[in-house]
Amino acid sequence: MRRFMTACKAFWKILFSGDLALAWEKPSRGEVTQAAPDAEHTEDAGILPDAVYTLVLLQREGRLIDFLKEDIDVYGDEQVGAAVRQIHTGCRKVLDDNFGVSPVDERGEGEPVDIPPGFDSGAIRLTGNVRGDPPFKGTLQHGGWKVTKVDFPERHAKLDPAIICPAEVEL
Amino acid sequence: MNHDSRFIVGIDLGTTNCALTYVDTAVPEGERGVSIFHIPQLVARGEVKALPLLPSFLYLPEQHEIDPAVLSLPWAEGGRDYAVGAYARDLAGKVPGKIVSSAKSWLCVDGLDKRAATLPWDRRPVPRQVSPVDASRLFLEHLRDAWNYSMAGDDPSLRLEQQDVSLTVPASFDAVARELTAGAAAQAGLGVRLLEEPQAAFYAWLHDRGDAWRDYVSEGDVILVCDIGGGTTDFTLITVTAADGRLGLERVAVGDHILLGGDNMDLTLAYGMAAKIEREQGKQLDGYQLAGLAHACRAAKERLERRSEEGVQKLTVLGRGTGVVGGAISVEISTSEMRELLVDGFFPLCAIDEQAEERRKVGLRSFGLDYASDPATTKHLASFIVRHGGHNADGRPVLPNAVLFNGGVMKSEVLRQRVVDVLGQWREDTSVDMSVLTEPDADLGVAVGSAWYGNVQRIGGVRIKSGSSRSYYIGVESSMPAVPGFAPSVEALCVVPFGMEEGSSVDVPAEGLGLVVGEQTEFRFFSSTVRTDDAAGSVLESWRGDELEEMPPLMAELPAEECGGSPIGSLVPVALEAVLTEVGTLQLWCHDVRGEGRWKLEFELRG
């Protein structure tokens, strides 16, 4: 269990310190303000540059926004399945290249686990028949996911943070 | 080159990717290892990220195409009108005529002025062009600036210009291509020493094995280094020698420059699949979709190594517009189809005496990169072993009994196995197994090995004895009587023997050579990768057509004022001296046999 607690601490430390320090009242880094050509819209929309940038990456590598915006009801499973393989490859590359993502609990799903007193209720969610005080005995249903690092490119202030992908015109 | 620098750096200036590695001498000698430098570069417009490889692509946009600000870099904040690296590579195929790729291969194209702006090479007019040398310089400048930004801080002694740098070149590069590469580095402010890429891959293996390397080889072993990258194939033979009971290594043969690699394989698959799509579904792919299909083919090729069982893979190109699913085109490829196209197409089983097909001479061949016309890598390998390797007393070629693989293509288990099978079949003697040396990292091995080579140069350790990979000759008009209507025949005077060591010089015994005062004197110049026994001063009266390769001529100009009053037009008898520099470049000097003067012969590179 000790290993688990350390991992949790590392997680919060990364989220709330250094480069990635994000305060409640100011969820985005101040220096990434920009002279957006379309300032009127972006200001009102409360664009969070890092949040939108995640969409930028998922669209660029995995075409995820195109996919989610498309009406796929009209296509058969075969057609959707073939496209999804490609989309999966691209989106996974985004995760691998830009984030460290690992399970909160590395033990296998379905295995019995002990929950000690003072457990981190943010990282472990108890479900089912929860009564009394820990320690508890339970079964791991979902190992959870946590971000262990975020490794985004440096971005130029001139980029419009509202653009997920530019319109493309071929001449 | 700085021999006391803190860092010992290795640079792989690759045809498709560059990499930079270093050894930190602040670490005690016994504990030193090679570190990979992550190179900050544009990964999209306005986005900079540090990656282990810098793709060797250059994007040359027109003025109004893109805002220079979003091509700026942390060390060049004022904006830029070009970009190198991942972003430029991703644009290849999407902005024709604006992307320079494979610049390195253009450094060894016959009859082209490598200092003239010719790239991107295109039959249609192209808005902006750079020379092959300038493209190489821009990649090196990017590496320099990235290093200085990340590693040097405010300490000028840590700048890349001040470090001890080894730069790799294909083993097949001749003296001219080496000179141009060293020149590009010098223009970028870098003093470098040159190292052959297959040797660098071998140094990476030595780095991995440490002192235990001697346990893996024995005296008399002949090791083939089989280096197949994105665009080129490079073969080298290294033998294991023994002197005073210690094992040593000697590079005994290098192959010719073969423009054949993984990109050809991906495109072959892609064209095959595009034809299938047209046949089965009646759809024609545009250039953009074809690029996507080639990408999917590369991924499928890499999966082939992991799944050897029979099966079917689906290759999909997503719709170009927002309708990714609706516009998607899929095609199925079976494992046996892939084997047929890749393994049997590029690595067919063949006999040792089956030679790669020579290029067909076409009357009007469009000028360009001299791509190998025979895609059979195994036949090129057979030609290499027969032409460049040693021979037994009975005249049969000496075959390698060990192999070290390098380059992206050789990541594939299936292809490695095929090369091993072919070599084994040639050996006939099945009692001894081919041994496969565990390969270093296919993408970074050359860079790792080159930094390690620099470390070995500085503190000692096992080195590969190598020297000049070619012998060189100057053409001397023969004393045969002139025959009207025929060019006077030429004899070849050997000026650099094969294997001549770097950092050494040789006086060439030759009589009757002279330079004309006040005029340019030109010499024809030849090289050979197969005549390994000619000594400096030997004169060849005839040779087989494929033994000697003509290079750009050499010239010297003798200013009248330097010749102690000899009248213009008179002949100054000279002696020749050949110097193989520490850098790894060749210099030829003419000495006035009656006086003090000496003049350098320069390559005539204007194509």
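Residues numbered from 1 in each chain as written. Chains lettered and ligands numbered in written order. Predicted model: local features only at pLDDT ≥ 70, side-chain atom pairs only at ≥ 80, totals over all residues.

Undergrad: Is there a simple way to explain the overall build of chain B in this structure?
TA: Looking only at helices and strands, one finds 10 helices and 29 strands in chain B. C-alpha atoms of chain B, sized along the principal axes, occupy 85 × 65 × 65 Å. Within chain B, buried positions represent 45% of all 607 residues. (Helix = DSSP H or I, 4+ residues; strand = E, 2+ residues; numbered from the N terminus. Buried ≥ 20, exposed ≤ 12 C-beta atoms within 10 Å, placed from the backbone.)

Undergrad: Can you help me understand helix 5 (residues 262-281) of chain B in this one?
TA: One full turn of an α-helix is made of 3.6 residues, so residues set three or four places apart face in the same direction. Residues and elements named next belong to chain B. If you check helix 5, its first and last C-alpha atoms are 28 Å apart, about what 20 residues at 1.5 Å a residue would give, namely 28 Å. Taken as a whole, helix 5 has its buried residues at Gly-262, Asp-263, Asn-264, Met-265, Asp-266, Leu-269, Ala-270, Met-273 and Ala-274. Positive phi shows up at Gly-282, right after helix 5, with a value of about 65°. (Expected span 1.5 Å × (residues − 1).)

Undergrad: Is there a simple way to explain the sheet that holds strand 8 (residues 83-84) of chain B in this structure?
TA: Adjacent strands of a sheet pair through backbone hydrogen bonds, lying either parallel or antiparallel. Residue and element names in this part refer to chain B. Pairing in this open sheet of 3 strands is antiparallel, and the strands run 8-7-9 from one edge to the other. At either end of the open sheet lies a strand with only one pairing partner, and these are strand 8 and strand 9 (99-100). As judged from the 2 bridges shared by strand 7 (residues 58-59) and strand 9, these two strands associate in the antiparallel manner. Opposite Tyr-59, over in strand 9, you have Ile-99 as the bridge partner. (Pairing = 2+ DSSP bridges.)

Undergrad: Mind showing me how you'd approach the interface of chain A and chain B here?
TA: Each partner contributes residues to the interface: chain A has 20 residues there, and chain B has 21 residues. Those elements giving two or more residues to the side of chain A that touches chain B turn out to be helix 4 (64-69), helix 5 (77-98) and strand 5 (154-155) of chain A. With 6 residues, the top contributor of residues to the side of chain A that touches chain B is helix 5 of chain A. Looking at side-chain class alone, the side of chain A that touches chain B contains 8 nonpolar, 3 polar and 9 charged residues. (Contact = placed C-beta atoms within 7 Å. Nonpolar A, V, L, I, M, F, W, Y, C, P; charged D, E, K, R; others polar.)

Undergrad: Got a minute to help me understand the sheet that holds strand 4 (residues 39-44) of chain B in this structure?
TA: Spatially, the 3 strands line up as an open sheet ordered 5(A)-5(B)-4(B), and their pairing is antiparallel. Pairing within the sheet leaves two strands with one partner each, and these edge strands are strand 5 of chain A together with strand 4 of chain B. With 2 bridges connecting them, strand 5 of chain A and strand 5 (residues 47-51) of chain B associate as antiparallel partners. Its bridge partner being in strand 5 of chain B, Glu154(A) is matched across the sheet by Val48(B).

Undergrad: What exactly am I supposed to notice about the packing of helix 3 (residues 49-62) of chain A against helix 5 of chain A here?
TA: The axes of two packed helices give the description: the angle between them and the distance between them. All names here are of chain A. In contact at an axis separation of 7 Å, helix 3 and helix 5 are set at 135° when each is read in the N-to-C sense. When the interaxial angle is binned, helix 3 and helix 5 end up oblique. In this structure, the crossing between helix 3 and helix 5 has a hand that is right-handed. Along the contact surface, helix 3 presents Leu-57, Leu-58, Glu-61 and Gly-62, while helix 5 presents Ile-87, Gly-90, Cys-91, Lys-93, Val-94 and Asn-98. Classifying every residue of the contact of helix 3 with helix 5 gives 5 nonpolar, 3 polar and 2 charged. (Axes fitted to C-alpha atoms, helices over the stretch in contact; angles between N-to-C directions. Parallel < 35°, antiparallel > 145°, perpendicular 65-115°, else oblique. Left-handed = near helix turned anticlockwise from the far one by under 90°.)

Undergrad: Before we go on, may I ask you to explain the packing of helix 5 of chain B against helix 7 (residues 335-346) of chain B in this structure?
TA: All names here are of chain B. Between helix 5 and helix 7, the least distance of the axes is 10 Å, while the angle of their chain directions is 140°. In terms of axis orientation, helix 5 runs oblique to helix 7. In the packing of helix 5 onto helix 7, the handedness of the crossing is right-handed. Mapping the contact onto sequence places Met-265, Thr-268, Leu-269 and Gly-272 in helix 5 and Leu-341, Leu-342, Gly-345 and Phe-346 in helix 7. Here the residues of the contact of helix 5 with helix 7 sort into 5 nonpolar, 3 polar and no charged.

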